[in-house]
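# Structural overview for review
Okay, here's what each chain looks like letter by letter:
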Amino acid sequence: MVSNAGSPTLHMKAEMAVALTGITKRFGAFVANDGIDLAVRRGEIHAIIGENGAGKTTLMNILFGLLQPDEGSIRLNGEETVVTGPAVAIKAGLGMVHQHFKLVPSLSVADNVFLGMEIRRHGLIDHAAQIARTRELSKRFGLQVDPTERVGLLSVGIEQRIEILKVLVRGARTIILDEPTAVLTPQESRELFQTLRSFVAEGMTVIFISHHLEEVMEVSDTVTVLRNGKKVATRPTAELSKDELVRMMVGREVSFDRRPRAPSRGEVVLQVEELWARDDRRLPALRNVSFTVRSGEVVGIAGVAGNGQTELAEVLSGLRPASHGIARLKGRNLAALSPREIRRAGLAHVPGDRMVRGVDRNASIAANMLMGRQHRAPWSSCGVLNWTVISQNASRLIKDFDIRAQGPGDAVKRLSGGNIQKVVLAREFTNDADFLLIDQPTRGVDIGAQEAIHDEIMRQRAAGRAILLISVQLDELAALADRILVMFNGRIMGEVAGDGADEDRIGMMMAGVAAPELAAEPA
Amino acid sequence: MEILDKLVNVALIAATLRTTAPILLVALGGSFTTKAGIFNIGLEGQMLAGAFFAVIGSIWTGSALLGVACGVAAALAFALVFAVLVVSFRANEVVVGLALNILAGGMTISLMKAIFGTRGSIVGHGIVGLPKVQLPGARELLGSWAPLISGFTPIVYVAFIAVPLLVLFYNRTRLGLYIRVVGEKPEAAEALGISITRVRYIASLLCGLLAGLAGAHLSLGYITMFTENMSSGRGFMAVAILIFSNGDPLKVLAGCLLFGFADAFSLRLQTFGYPSYLVLTVPYVVALTALFALSYRARPKIIAETLASMQRLLSTDKNTGPDGKHPS
């Protein structure tokens, strides 16, 4: 029974380069992808946008066969496919450019491009043919590289071009790029976008992951927004405004009630004046940032990730030099102090990436709670650690902070994300520091632990600490902060009172609309 | 000038090529493992086993060629054990290499005692040495220079022909390329579906093959006998040369020629009546001095790497410490 109604649907399906239906992926109790549907038309640039941890990379790894979904199905070019591994995906015309490049430094560009599928003549590798083919592809798509050069001598931007060439040589028609601009300079990013457009012009399909609004607006045809492992929407880019996109990314509904508080406003603890700093690519990451934090107040920093918040935290903790301007902690210039001296001067730091800077995951809870005070009595004397004291102290903190663990000897890596964060908080909040720098305290933490962490932050406020709270979650800032500063592109766009914070206004500033323009509008 | 003429002449150069051959072969073998990312300190033992079993094979079969085959087979067995322990079971390569070296030394001594009832050396017993290859036409063409290319045992020719072959192997064959990739960037190999384990096994066995040939050359080449600890540190010299050459065949050749020349020169000095123990140190002193001079420029990098590795060590100690394990 071949009906007429059947063929148009078939035709429509064939137009889809990629169609994911109901993809769910769990890691233990954590749901990374929750019933996600995604349809990518052939010949479009499809951006997938969301905060860190929204599930973007997990979804793409499932599509490319690096992870297997717990539920859901995948159609490639209209055909139901079980992507058991990358080989299957590559055969179906998919190619993926990962965030971390896998190139061999001592080999030439052409050798790297053809590695694993060398062109051979009489059993020997035909370098001339490989070089010619690489040159041809690089010309065709505007990916400027010299095929004969050694990869070890090249910049990151060029390495990315080589990774793209690798994918092209393997015959990919649909190219997935995972945060391709994270390592690029603005100039290189523009060149990359031109290349992506030339792919589409040849009828190829591009899927790219990003958390940068600007570039998504600039280059994509369609946007899919993910948040907390769920799909928020798929919309044509032309129909979207930047602040709509921001709101979809960070979420509108406020799930936390504002915490009750007594008014308190003590003396200035942290004073930042006209601070500038550069990121790892030597590009300006902080531009003329000035603010103060007083004791007994929580100052929130809002903004889409990657707008200078990380660099601000690093400068304030002494991990990154400022290029200009001054930051004073209780009147002392931070630039003159080492990280340890800054801590002694009164800083406690809850780092944004707790697994990298917050804890040593292989060490025990007790050892992690010791860090930073191992050279002081009563934890050590004459250079010898006093494990009895350390253990007792850890046991007490485990109880006080309600850390779900067997005991102080437990390895941190066996704890859940929320409990690991509590280990960091327990260590940092018991240092009698006057200034608390708290970066993304509840990222990847379950709801119960979130509540407990927020309670603890409010207790610290009541104890008269000065707190700088950096978060990409607006509802968290609305619940905790007395004032919210909004960062965009390294600048502070404006300040909003935490009480009755106007999310529309914050959203506009997060998207780069300056505060004065807003102020001009009737409130 | 007369003394210099006596010292440096065609015979000395020919002797240099002869003495270079075994260390060149074993170093080229080590080039496979070096390129594949394995630090193979077991070259000495593989070479010694090769030398011993080449003699045994030669006595049993009465054929030099089968003797060489026996030596190679013994070295391959050592290489296989090395690969199983290091590649499959991820044992520490220095520990395994040293253990196999000690095993080779002890095993050859006790087998000598068991089979021949002697200690020290095996001479006679019908050992058949390798024939010398007289290239036809060499004498007519080169006159008194002929000994430079003619009259060596086959293994010498193999050693020197192996150098350009290895250059070709690393640059133009898929296996050679994969060995380099596995050594330099294992993640890249993995991502491309190249089996790191398989490539490292192949590299280890190729190493055993050449180390066995080198050993056979020692005992069946110019002197047909086996003595205790016959490899006398050549395997370790090869390791040193490999570290400084990073396994590149041409640089390996240069390093080995230097050592071979010093070796031949010291033999020549002995005939002048200098104390033999002092003279025997010459090749090692020369080679080490040259290697030190070469590496002097690369010094900051080496120091930086050492510091980095020490920091890694310290940080792992810190990790295990609080768990109750004692950092060693």
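Rules behind the numbers
- Residues numbered from 1 in each chain as written.
- Chains lettered and ligands numbered in written order.
- Predicted model: local features only at pLDDT ≥ 70, side-chain atom pairs only at ≥ 80, totals over all residues.
- Helix = DSSP H or I, 4+ residues; strand = E, 2+ residues; numbered from the N terminus.
- Buried ≥ 20, exposed ≤ 12 C-beta atoms within 10 Å, placed from the backbone.
- Contact = placed C-beta atoms within 7 Å.
- Domains from an automatic or database assignment.
- Nonpolar A, V, L, I, M, F, W, Y, C, P; charged D, E, K, R; others polar.
- Pairing = 2+ DSSP bridges.
- Axes fitted to C-alpha atoms, helices over the stretch in contact; angles between N-to-C directions.
- Parallel < 35°, antiparallel > 145°, perpendicular 65-115°, else oblique.
- Left-handed = near helix turned anticlockwise from the far one by under 90°.
- pLDDT = per-residue confidence, 0-100.
- Expected span 1.5 Å × (residues − 1).
- Arc of directions from axis to C-beta.

Turning next to the overall build of chain B. Each helix and strand counted, chain B has 15 helices and two strands in total. For chain B, the proportion of its 328 residues judged to be buried stands at 41%. Across chain B, the fraction of contacts at a sequence separation of at least 24, relative to all contacts at a separation of at least 6, is 74%.

Here the focus is the domain arrangement of chain A. Residues and elements named next belong to chain A. Annotation of chain A at the domain level lists domain 1 (15–250), domain 2 (264–346 + 433–523) and domain 3 (359–432). Taken over C-alpha atoms, the centre of domain 1 sits 34 Å from the centre of domain 2. Across the boundary between the two partners, domain 1 contributes 13 residues, which contact 15 residues of domain 2. Among the elements that make up the side of domain 1 that touches domain 2, the one with the highest residue count is helix 9 (residues 242–250) (six residues). Split into classes, the residues belonging to the side of domain 1 that touches domain 2 amount to four nonpolar, five polar and four charged.

Residue and element names in this part refer to chain A. With mixed pairing, six strands are arranged side by side in an open sheet as 6-9-10-3-11-12. One side of each edge strand has no neighbouring strand; the edge strands of this open sheet are strand 6 (94–97) and strand 12 (230–236). Geometrically, the sheet is characterised by an average inter-axis angle of 15° between neighbouring strands, direction not taken into account. Here strand 3 (residues 45–49) runs beside strand 10 (residues 205–210); their pairing, made up of five bridges, is parallel. Counterpart to Ile45 in the pairing with strand 10 is Val206. In the packing of helix 6 (residues 156–169) onto the sheet, the strands contacted are strand 6 and strand 9 (174–178), and the crossing angle to strand 6 comes to about 165°.

Next up on the list: the environment of Asn77 of chain A. Relative to the helices and strands, Asn77 of chain A resides in the loop between strand 4 (71–76) and strand 5 (79–81). Of the residues examined, Asn77 of chain A has 19 C-beta atoms within 10 Å and is grouped as partly exposed.

Moving on to the packing of helix 4 (residues 64–88) of chain B against helix 5 (residues 93–116) of chain B. Residue and element names in this part refer to chain B. The N-to-C vectors of helix 4 and helix 5 enclose an angle of 150°; their axes lie 10 Å apart at closest approach. With respect to their mutual orientation, helix 4 and helix 5 come out roughly antiparallel. Both helix 4 and helix 5 take part in a crossing whose hand is right-handed. Contacts between helix 4 and helix 5 involve Phe78, Val81, Phe82, Leu85 and Val86 from the first element and Glu93, Val96, Gly97, Leu100 and Ala104 from the second. Taken together, the residues that form the contact of helix 4 with helix 5 break down as eight nonpolar, one polar and one charged.

Turning our attention to the confidence of the model for chain B. Residue and element names in this part refer to chain B. Across chain B, the average pLDDT comes to 83, with 86% of residues at 70 or higher. Segment residues 316–328 is flagged for pLDDT under 50; beyond a separation of four residues in sequence, or across chains, it makes 12 contacts in the model. As scored by the predictor, the complex reaches a pTM of 0.71 and an ipTM of 0.76.

We now examine the pairing of strand 2 (residues 30–41) of chain A. Looking down a regular strand, the side chains alternate between one sheet face and the other. Residues and elements named next belong to chain A. Summarising the sheet, strand 1 (residues 16–27) and strand 2 pair through eight bridges and their orientation is antiparallel. Bridged to Lys25 within strand 2 is Asn33. Between strand 1 and strand 2, which pair antiparallel one after the other, the connecting turn spans two residues, and Gly28 there sits at a positive phi close to 65°.

On to the confidence of the model for chain A. All names here are of chain A. Averaged over all residues, the pLDDT of chain A equals 86, while 93% of them reach at least 70. Averaged pLDDT values for the elements of chain A fall to 49 in helix 1 (residues 6–15) and rise to 95 in strand 22 (residues 466–470). Note that residues 1–13 has pLDDT below 50 and, in this model, two contacts with residues that lie over four places away or in other chains. Here residues 518–523 is a poorly scored stretch, pLDDT under 50, and it has three contacts once near neighbours within four places are set aside; other chains count.

Time to look at the environment of Gln406 of chain A. Residues and elements named next belong to chain A. Along the chain, Gln406 falls in the loop between helix 14 (387–400) and helix 15 (417–429). By C-beta crowding, Gln406 is classed as exposed, having 10 other C-beta atoms within 10 Å. Sequence separation of Gln406 and Ser395 is 11 residues, and the distance between their C-alpha atoms is 9.9 Å.

Let us now look at the packing of helix 2 (residues 10–35) of chain B against helix 10 (residues 196–220) of chain B. Residues and elements named next belong to chain B. Where helix 2 contacts helix 10, the two axes come as close as 7 Å, and the packing angle between them is 170°. Here helix 2 is positioned roughly antiparallel relative to helix 10, judged by the angle of their axes. Each of Ala21, Pro22, Leu25, Val26, Leu28, Gly29, Gly30, Phe32 and Thr33 in helix 2 lies in contact with helix 10, whose residues at this interface are Ala203, Ser204, Leu206, Cys207, Leu209, Leu210, Ala211, Leu213, Ala214, His217 and Leu218.

Bridge count between strand 1 of chain A and strand 4 of chain A: five bridges; the pairing is antiparallel. Residue Thr21 of chain A lies in a different strand from strand 4 of chain A, and its bridge partner there is Ser73 of chain A.

Residues and elements named next belong to chain A. Pairing in this open sheet of four strands is antiparallel, and the strands run 14-13-16-17 from one edge to the other. Strands at the two margins of the open sheet, each flanked by one partner only, are strand 14 (284–294) and strand 17 (332–333). Where strand 13 (residues 268–278) lies against strand 16 (residues 324–329), five bridges are found, and the strand directions are antiparallel. Counterpart to Glu273 in the pairing with strand 16 is Ile326. Its contacts with the sheet put helix 10 (residues 309–316) on strand 13, strand 14 and strand 16, and the angle it makes with strand 14 is roughly 60°.

Residues and elements named next belong to chain A. Of note, the bond from Ala377 into Pro378 is cis; its omega dihedral lies within 30 degrees of zero at 0°. For Asn288, which is not a glycine, the phi torsion comes out positive at approximately 55°. Within the fold, Asn288 resides in strand 14. The exposure class of Asn288 is partly exposed, given the 14 C-beta atoms found within 10 Å. Unusually for a residue other than glycine, Asp432 sits at a positive phi of about 55°. By the secondary structure assignment, Asp432 is in the loop between helix 15 and strand 21 (435–439). The class for Asp432 is exposed, based on 9 C-beta atoms found within 10 Å.

Here we take up helix 5 (residues 127–140) of chain A. Residues and elements named next belong to chain A. Spanning 14 residues, helix 5 covers 20 Å between terminal C-alpha atoms, matching the ideal 20 Å at 1.5 Å per step. The complete set of buried residues in helix 5 reads Gln130, Ile131, Thr134 and Ser138. Along the long axis of helix 5, the arc covered by the buried residues comes to 95°, so they all point the same way. Exposed side chains of helix 5 directed beyond 90 degrees from the buried face belong to Ala128, Glu136, Lys139 and Arg140. For helix 5, the secondary structure elements touched by its buried residues are helix 4 (109–114) and helix 6. Of the residues trailing helix 5, Gly142 is marked for its positive phi of about 65°.

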